[in-house]
Amino acid sequence: MSLSIAPSALSAATATTANASSNTSGTFFHCSADRSSKTSATSGSNPVGDSSGAESRMNLAALLQRDPYITDIVDTAKQVALYLFNPKNSEWERTSIEGTLFVYRRSASPYNGFMILNRLEPNNLIEPITKDLEFQLHDPFLLYRTANAIYGIWFYDKDDCARVGQLINSLVQVTIANHQTKSQCFIRSRRASESDTMEECLAVTRN
């Protein structure tokens, strides 16, 4: 289902912290990943910011306290803020979550996710990257929809916004492809099982 959101509404909500975004209405969708972005998602070639090795280890340790299945950090954006869309009055509301955003891999399903480590309060944003994730880039915002809400992530650095948005898009596409492959394998396996069962029934009938 498509959902139209006016980026200008988000611009008004973030007037004190961000530049105005486009006035063009947008629809949430699964973006098509190009070859270069898909390659970066699967090969892990995206940079992890400018962090030193020691800082990277500290960041990973902090993430592991929230999710013990995280294996490594794929990319970071050092300053972001989270907004929530209020559908009743069609306005964006700033949440109490802002800090550093991390995109990471996990050793268990879902195998990728992103997290905002909150500098203001103990609560963090933890979002698994699944085939159902829908998002839209409106530089410097990354808008996305879950089953329960619509969020907008404001990036202090526009380059971070574009890079992280493309990376998450790539990971979503990989997740969709993996899901389709598993579904096809399941269907083939079930058909093969049904065929074997039919052969057994025919053999009993012949006897």
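Since the model is a prediction, treat every value here as computed from it, not as a measurement.

Turning to the packing of aromatic side chains, a few remarks are in order. Under the counting rule described, the total for this entry stands at four aromatic pairs. With centroids separated by 5.5 Å and ring planes inclined at 85°, the aromatic side chains of Phe 114 and Tyr 144 adopt a geometry described as edge-to-face. Taken as a pair, Phe 114 in strand β5 (residues 112-118) and Tyr 144 in strand β8 (residues 141-145) lie far apart in primary sequence, 30 residues in all. Ring pairs connect the aromatic residues Phe 114, Tyr 144 and Tyr 151, which therefore count as one cluster.

Here we come to empty space enclosed by the protein. The tally for this structure, following the rule as stated, stands at one cavity of 30 Å³ or more. Roughly 30 Å³ of volume is contained in the largest cavity. The wall of the largest cavity is formed by Phe 114, Leu 133, Phe 135, Leu 142, Tyr 144 and Ile 168. Here the residues of the lining of the largest cavity sort into six nonpolar, no polar and no charged.

Quick look at the layout of surface pockets now. Of the volumes computed, that of the largest pocket is approximately 240 Å³. Forming the walls of the largest pocket are Ser 109, Pro 110, Tyr 111, Asn 112, Ile 129, Thr 130, Lys 131, Val 174, Thr 175, Asn 178, His 179 and Lys 182. Of the residues forming the lining of the largest pocket, the biggest block, five residues, is contributed by helix α4 (residues 158-206). Residues belonging to the lining of the largest pocket are distributed by class as follows: four nonpolar, six polar and two charged.

Once that is clear, we can look at the side chain of Arg 106. Following the sequence through the fold, Arg 106 ends up in strand β4 (residues 91-106). Here Asp 67 takes part through its side chain, which lies 2.7 Å from a polar atom of the side chain of Arg 106. A distance of 2.9 Å separates the side chain of Arg 106 from the backbone oxygen of Pro 110, its partner in a polar contact. Each residue touching Arg 106, except ones within four places of it in the same chain, is listed here: Asp 67, Tyr 69, Ile 70, Thr 71 and Tyr 111.

Scoring rules and cut-offs
Residues numbered from 1 in each chain as written. Predicted model: local features only at pLDDT ≥ 70, side-chain atom pairs only at ≥ 80, totals over all residues. Heavy atoms only, no water. Phe/Tyr/Trp six-rings, centres within 6.5 Å; stacked < 30°, edge-to-face > 60°. Helix = DSSP H or I, 4+ residues; strand = E, 2+ residues; numbered from the N terminus. 1 Å grid on protein atoms, 1.4 Å probe; cavity = no way out; pocket = protein on both sides within 12 Å on 5 of 7 lines; lining within 4 Å. Points joined across faces, edges and corners; volume = space filled by probe spheres on them. Nonpolar A, V, L, I, M, F, W, Y, C, P; charged D, E, K, R; others polar. Polar contact = N/O pair within 3.5 Å; in protein donor to acceptor, adjacent residues only side chain to side chain. Contact = heavy atoms within 4.5 Å.

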